[in-house]
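Summary of structural features
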Amino acid sequence: QVQLVESGGGLVQAEDSLRLSCAASGLTFNRYGMGWFRQAPGKEREFVAALSWSRGSIYYADSVNGRFTISRNTAKNTVYLQMNSVKPEDTAVYYCAADSAPGSVPVRMTSYDYWGQGTQVTVSS
């Protein structure tokens, strides 16, 4: 069975940093594109960042570009989201997702085959 488990969320203050982790099991990790999405209360789930397995390309939402960094440790089957200079607007449940289709669009939720349960990030002002 395939599992994605997020961790690292919590309560932080504006301008702080934290790192989210997504541990994957049951899949060939280096053959999947990995993405991060988030969903705030009352809002739709939105794209945050993605790492393409086929080309190694990295994608970021405009709202986080320059502040967040996505990375992968293949040996640990783990993908990370480094969050710097966080803002109250970053408050959301953050979800990790895995994409097995080489020709998919990484910013679209429909491109992903597996999802984690999410981890809560709360940023206070």
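Summarised in this report is the structure supplied together with it. (Residues numbered from 1 in each chain as written. Predicted model: local features only at pLDDT ≥ 70, side-chain atom pairs only at ≥ 80, totals over all residues. Heavy atoms only, no water.)

Attention shifts here to the state of the cysteines. Note on terminology: a disulfide is the covalent bond linking the sulfur atoms of two cysteines. Across all of its chains, the model carries one disulfide by this definition. Here C22 engages in a disulfide with C96; their sulfurs sit 2.1 Å apart. On the S-S bond that ties C22 to C96, the torsion sits near -80°, and the link is left-handed. A residue pair is termed long-range when its members are at least 10 positions apart, and C22 in strand β3 (residues 18-25) and C96 in strand β9 (residues 92-99) qualify at 74 residues. Relative accessible area serves as the criterion here: at 0%, C96 is assigned to the buried category. (Disulfide = S-S within 2.5 Å. Helix = DSSP H or I, 4+ residues; strand = E, 2+ residues; numbered from the N terminus. Buried < 20%, exposed > 50% of the residue type's maximum accessible area, 1.4 Å probe, protein only.)

Bringing the pairing of strand β11 (residues 119-124) into the picture now. Only one face of β11 is covered, namely the one carrying T119, V121 and V123; the face carrying Q120, T122 and S124 has none of its residues buried. Note: strand β2 (residues 10-13) against β11, four bridges, orientation parallel. Bridge pairing in β11 places L11 opposite T122. Examined bridge by bridge, β9 and β11 share three bridges and lie antiparallel to one another. Among the inter-strand pairings, V93 is bridged to a residue of β11, identified as Q120. (Pairing = 2+ DSSP bridges.)

Taken in spatial order, the four strands make up an open sheet running β1-β3-β8-β7, and their pairing is antiparallel. Edge positions in the open sheet fall to β1 (3-7) and β7 (68-73), since each of these has one partner strand only. Each strand axis lies, on average, 15° off the axis of its neighbour in the sheet, ignoring direction. Summarising the sheet, β3 and strand β8 (residues 78-83) pair through six bridges and their orientation is antiparallel. Bridge assignment links S21 to a residue of β8, and that residue is Y80. (Axes fitted to C-alpha atoms, helices over the stretch in contact; angles between N-to-C directions.)

Our next topic: the side chain of S57. In this structure, S57 sits in the loop between β5 (46-51) and β6 (58-60). Take S57: its relative accessible area is 19%, and that puts it in the buried class. Residues contacting S57, with those up to four places away along its chain left out, are A50, L51 and S52. (Contact = heavy atoms within 4.5 Å.)

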